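Geometric and topological summary
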Amino acid sequence: LKQGLSEHASIGTFAKFSLQLMSIGAPLWILKLSNEASLDEIRHTQISFDIANMYNGVNDQCIIYDEFPSHLVDIDGDWNEIARDTAIGGCIGETISAFKMIEKKYDNMIDRFIYDMAMDEIRHAALAWITVKWIINNATNDIVIEVANRNWWLKQMGNVGQDYVKVIDGILNKIHSRKSGDNYQEL
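Residues numbered from 1 in each chain as written. Predicted model: local features only at pLDDT ≥ 70, side-chain atom pairs only at ≥ 80, totals over all residues. Heavy atoms only, no water.

1. Points about the layout of surface pockets
Once rolled over the atoms, a probe with the size of a water molecule shows which space is left empty. The following threshold applies: Only protein atoms enter the 1 Å grid, on which a cavity is a set of points fitting a 1.4 Å probe that cannot get out and a pocket is an open set with protein on both sides within 12 Å along at least 5 of 7 lines, lining residues being those with an atom within 4 Å of a point. Grid points are joined across faces, edges and corners, and a volume is the space filled by probe spheres set on the points. For the purposes of this entry, the term helix denotes a DSSP run of H or I that reaches at least four residues, the term strand denotes a run of E that reaches at least two, and both are numbered from the N terminus. Gly is put with the polar residues, along with every residue not named as nonpolar or charged; the nonpolar set is Ala, Val, Leu, Ile, Met, Phe, Trp, Tyr, Cys and Pro, and the charged set is Asp, Glu, Lys and Arg.
Roughly 560 Å³ of volume is contained in the largest pocket. Forming the boundary of the largest pocket are 23 residues, of which Ser10, Thr13, Gly89, Gly90 and Glu94 lie nearest the centre. Of all the secondary-structure elements, those providing two or more residues to the lining of the largest pocket are α1 (2-23), α3 (79-103) and α4 (110-138). At 10 residues, the largest contribution of residues to the lining of the largest pocket is made by α1. Its residues assigned to classes, the lining of the largest pocket comprises 5 nonpolar, 11 polar and 7 charged.

Next up, the structure:
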């Protein structure tokens, strides 16, 4: 159930992410990947709730989620805010989420669903890394992008296990070694 609610929240996160990307003039191919990720999250939500309902033990009731609360979303084109949110939620969060999903084993048909969801999460993490690199390379000279500083990353990873730090640090090295004109999609 917790996984399903998390996946459900990610649908809105990717919708906001797409709007944020538009506010800073991101290329269409990044917008396309963001919207495809949102569709993945819809599928993940359905799978997670189906699995939760299978184990619910109540034959006449399904687990459902409540109405989405009313609120406002502020999209202001703040390059640093978008880069920070993407780095924390996408680069670090999605990378760790993918690894944790791969580590889980149920020894039944659920393993295949979890594995497929983990592969999607890896693609989402890659999108975040590519987006952060694009932001670093495309922000105007008067904007200092905080996530371009390696110390910022080390500070964010303070509560993450050492195995995850090594993986994320390796990705970070690869991202920072790329030149501005490189093809981001190869990452």
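2. Examining the packing of helix α2 (residues 28-54) against α4
How two helices pack is summed up by the angle between their axes together with the distance between the axes. Put simply, the rule reads: Every angle, taken between N-to-C directions, lies between 0 and 180 degrees, and every axis is a line fitted to C-alpha atoms, over only the stretch in contact when it is a helix. Any angle from 65 to 115 degrees is called roughly perpendicular, while one under 35 is roughly parallel, one over 145 is roughly antiparallel, and all others are oblique. With the far helix as reference, a near helix turned anticlockwise by less than a right angle produces a left-handed crossing, and one turned clockwise produces a right-handed crossing.
As a packed pair, α2 and α4 sit with axes 10 Å apart at the nearest point and diverge in direction by 155 degrees. On the basis of their axis angle, the class for α2 and α4 is roughly antiparallel. Between α2 and α4 lies a crossing whose hand is left-handed.

3. Some points on empty space enclosed by the protein
Under the defined criterion, the tally for this structure stands at 1 cavity of 30 Å³ or more. The space that makes up the largest cavity amounts to roughly 40 Å³. Lining the largest cavity are Gln20, Asp74, Ile75, Asp76, Gly77, Glu81 and Ile82. The residue inventory of the lining of the largest cavity, partitioned by class, reads 2 nonpolar, 2 polar and 3 charged.

4. Observations concerning the pattern of salt bridges
This is how it is decided: For salt bridges, the criterion is a side-chain nitrogen of Lys or Arg within 4 Å of an Asp or Glu carboxyl oxygen.
With the rule as written, the count across this model stands at 7 salt bridges. In this structure, Arg84 and Glu146 form a salt bridge, with 3.1 Å as the shortest nitrogen-oxygen distance. Here Glu146 lies in the loop between α4 and α5 (150-156) and Arg84 lies in helix α3, a separation of 62 residues in the sequence. Via salt bridges that share partners, Asp40, Arg43, Asp120 and Arg123 belong to a single interconnected network.

5. Here's the deal with the packing of aromatic side chains
So the rule is basically this: Two rings from Phe, Tyr or Trp (for Trp, the six-membered ring) form a pair when their centres are within 6.5 Å of each other. A pair whose planes differ by under 30 degrees is stacked, one over 60 is edge-to-face, and the rest are tilted. Throughout this description, buried means an accessible area under 20% of the type-specific maximum (1.4 Å probe, protein chains only), exposed means over 50%, and partly exposed covers the range between.
Enumeration over the complete set of coordinates arrives at 2 aromatic pairs. For the ring pair Phe14 and Phe17, a centre distance of 6.2 Å and an interplane angle of 75 degrees mean the geometry is edge-to-face. Of this pair, Phe14 and Phe17 are both found in helix α1, 3 residues apart, which corresponds to roughly one turn of the helix. Relative accessible area serves as the criterion here: at 8%, Phe17 is assigned to the buried category. With a centroid separation of 5.7 Å and an interplanar angle of 15 degrees, the aromatic rings of Trp79 and Trp134 are classed as stacked. Here Trp79 is found in helix α3, whereas its partner Trp134 is found in helix α4, with 55 residues between them in sequence. Each member of the pair, Trp79 as well as Trp134, is classed as buried.

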